[in-house]
Amino acid sequence: MATQTPRILSGIQPSGKLHIGNYLGALKNFVELQNSGKYECFFMIADYHSITEDYDPKTKSAQVLELVADFLAVGLDPDKSTIFLQSLIPEHTELAWIFSTVTPVAELTRMTQYKDKASRQTKNINAGLFTYPILQAVDILIYKPELVPVGHDQLQHLELANDIVRRFNKKFGQTFKEIKPLLTQSPRVMSLGDPQKKMSKSDPSGCLFLSDEPGEIKKKIQKAVASSQGLEGVGLPAGNQDAILSKIEEAYQNNPALQGGLNLFLLLVIFDYEAALKIIKNKKYRYSEIKEVLAEALSNHLEYFRMKKKELIQNPNILKETLVGGSAHARKFASATLTEVKQKIGLTL
Ligand code: ADP
Ligand code: TRP
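Since the structure is predicted, the reported quantities are computational estimates derived from the model, not experimental observations.

Participant: What exactly am I supposed to notice about the overall build of the protein here?
Facilitator: In terms of regular secondary structure, the protein is built from 14 helices and five strands. A compact globule built from 349 residues should have a C-alpha radius of gyration of about 20 Å, and the protein, at 21 Å, falls within 12% of that. With respect to the three principal axes, the spread of C-alpha positions in the protein is 75 × 55 × 45 Å. Taken over 349 residues, the protein has a buried fraction of 50%.

Participant: What should I look at first to understand the domain arrangement of the protein in this one?
Facilitator: Interface extent is often summarised as the accessible area lost during association of the parts. Domain annotation of the protein identifies domain 1 (7-188 + 315-345) and domain 2 (214-311). Using C-alpha coordinates to define each centre, domain 1 is positioned 30 Å away from domain 2. Between domain 1 and domain 2, a total of about 1,300 Å² is buried, with carbon and sulfur atoms accounting for 60% of that surface. When the buried surface of domain 1 facing domain 2 is broken down by residue, Ala 73, Gln 185 and Arg 188 rank first, second and third, together holding 45% of it. In this assembly, domain 1 and domain 2 are joined by three salt bridges. Lys 309 is the salt-bridge partner of Glu 66, the closest N and O atoms lying 2.7 Å from each other. Linking domain 1 with domain 2 are five residue pairs in polar contact (both at pLDDT 80 or more). Those elements that provide at least two residues to the side of domain 1 that touches domain 2 are α1 (20-36) and α3 (57-74).

Participant: Just checking my understanding: could you explain the site of ligand 2 for this structure?
Facilitator: In the vicinity of ligand 2 lie 14 residues, with Gln 13, Tyr 132, Gln 136, Asp 139 and Gln 154 positioned nearest. One of the side-chain N or O atoms of Gln 13 is found 3.2 Å from an oxygen atom in ligand 2. Asp 139 is positioned with one of its side-chain polar atoms (N or O) 2.7 Å from a nitrogen atom of ligand 2. Taking 360 Å² as the accessible area of ligand 2 by itself, protein coverage stands at 91%.

Participant: Any chance you could explain helix α14 (residues 316-344) here in plain terms?
Facilitator: Every α-helix carries 3.6 residues per turn, so stepping three or four residues along brings you back to the same face. With 29 residues, α14 should cover 42 Å at 1.5 Å per step; its first-to-last C-alpha distance of 41 Å lies within 8% of that length. The set of residues buried in α14 consists of Leu 319, Thr 322, Leu 323, Gly 326, Ser 327, Ala 330, Ala 334, Thr 337, Leu 338 and Val 341. Gly 346 occupies a position one or two residues after α14 and carries a positive phi of about 85°.

Participant: Just checking my understanding: could you explain empty space enclosed by the protein for this structure?
Facilitator: A water-sized probe, rolled over the atoms, reveals where empty space remains. Evaluated as defined, the whole model comprises one cavity of 30 Å³ or more. The wall of the largest cavity is formed by Gln 113, Tyr 114, Lys 117, Leu 129, Tyr 132, Pro 133 and His 157. Looking at the lining of the largest cavity, the elements that each hand over two or more residues are α6 (112-120) and α7 (127-141). Per-class residue counts for the lining of the largest cavity are four nonpolar, two polar and one charged.

Participant: Explain the nonpolar core here, please?
Facilitator: The tendency in soluble globular proteins is for nonpolar side chains to be buried side by side. Of all hydrophobic cores here, the largest spans 73 residues; its most connected members are Leu 27, Phe 71 and Phe 265. There are two domains that each give this core at least three residues, and those are domain 1 (7-188 + 315-345) and domain 2 (214-311). With sequence-adjacent residues up to four places away left out, Leu 27 is seen in contact with Ile 12, Leu 18, Asn 22, Phe 71, Val 74 and Leu 76.

Participant: Just checking my understanding: could you explain the site of ligand 1 for this structure?
Facilitator: Of all residues adjacent to ligand 1, which total 16 residues, the nearest are His 19, Asp 153, Val 189, Lys 198 and Lys 201. Here an oxygen atom of ligand 1 and a side-chain polar atom of His 19 are 2.7 Å apart. Asn 22 places a side-chain nitrogen or oxygen 3.2 Å from an oxygen atom of ligand 1. Relative to its free-state accessible area of 540 Å², ligand 1 is covered by the protein chains to the extent of 93%. The residue makeup of the shell around ligand 1, split by class, is five nonpolar, seven polar and four charged.

Reading the values: the criteria
Residues numbered from 1 in each chain as written. Chains lettered and ligands numbered in written order. Predicted model: local features only at pLDDT ≥ 70, side-chain atom pairs only at ≥ 80, totals over all residues. Heavy atoms only, no water. Helix = DSSP H or I, 4+ residues; strand = E, 2+ residues; numbered from the N terminus. Rg over C-alpha atoms; globule rule 2.2 N^0.38 Å. Buried < 20%, exposed > 50% of the residue type's maximum accessible area, 1.4 Å probe, protein only. Domains from an automatic or database assignment. Buried area = accessible area lost by both parts, 1.4 Å probe. Salt bridge = Lys/Arg side-chain N within 4 Å of Asp/Glu carboxyl O. Polar contact = N/O pair within 3.5 Å; in protein donor to acceptor, adjacent residues only side chain to side chain. Near = heavy atom within 4 Å. Areas by Shrake-Rupley, 256 points an atom, 1.4 Å probe, with all protein chains shown as cover. Expected span 1.5 Å × (residues − 1). 1 Å grid on protein atoms, 1.4 Å probe; cavity = no way out; pocket = protein on both sides within 12 Å on 5 of 7 lines; lining within 4 Å. Points joined across faces, edges and corners; volume = space filled by probe spheres on them. Nonpolar A, V, L, I, M, F, W, Y, C, P; charged D, E, K, R; others polar. Core = buried A, V, L, I, M, F, W, Y, C linked by side-chain atoms within 4.5 Å. Contact = heavy atoms within 4.5 Å.

In structure tokens:
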């Protein structure tokens, strides 16, 4: 029996420059999954989600095109992946209404991202911010994927999507399948200024942006909060990259005081594995040395991205065409699912 290529879907909001947390937690994985040739890939720009936060309508379309440029500059390829814009597919918001009727308010109240955002934007706690995870469940389920590559902070939203799957199927008959999150080996990059918090666009001072120039990278890494102790006691293995990264992830839980140092070392393992391995073998974790090597490695690694993005941004028509073409393709899937759902819930003539 022929088995179908598994489908993956993920999305990112167009709300500013991408940082290395977005890259290591999500985008890098998108590119690897695409290039593995094992998956049918859908990557969405979540513009409807992004308007739940304060924003300037004059800059939104530039932010959308900038994110397409980011996608292409890191290596997503419209010939291999469907790259599309949420607001070009009205079926998403239509299905969101239907899903809202099987989502308990109590579940939405539990969402930590909602609580966090509501505490930050007290002047604009809008209903869209509250129902945000319902629209995210639609973004995913309408394409019936198996896997959803995201960073750690999105896991609760994916659990809610699976809750919607169970409630919908129970009420209206088997329609959707539960989805699985796909985390990277670095699902939690911490803020450079406050390593107890994740790196996030909402606190730009703790972010290292993909488009930062070498001078800025050096300044930011030098200023980054490390830890008062070294990492000697963590017992990092002199093994392959994955083994070191899983030990770092484990150490994050057990040693909150070491998070700054661990975060810098995690970046070094990813951007200059040989240098990190040497430090592990010598058992001498000097933060000044780690920072110097890291800043150099990051500057070199991001050079191609910076150049490619500048080039792509000069050609907005190509960026628009990418989205229009990808969205037309995606819409066929979305519309088939919505038709099926309307039949199941009894809304047909
Ligand atoms: P931000 O919190 O900066 O606004 P987004 O919510 O737009 O980031 O996240 C886009 C993608 O990047 C999501 O898959 C998210 O899980 C991932 N991501 C965001 N911040 C980090 C981080 N610090 N470490 C790892 N992954 C992250
Ligand atoms: N909520 C996600 C974030 O803030 C963005 C997003 C919207 C998304 N729809 C999605 C992620 C569907 C994965 C799948 O990062």
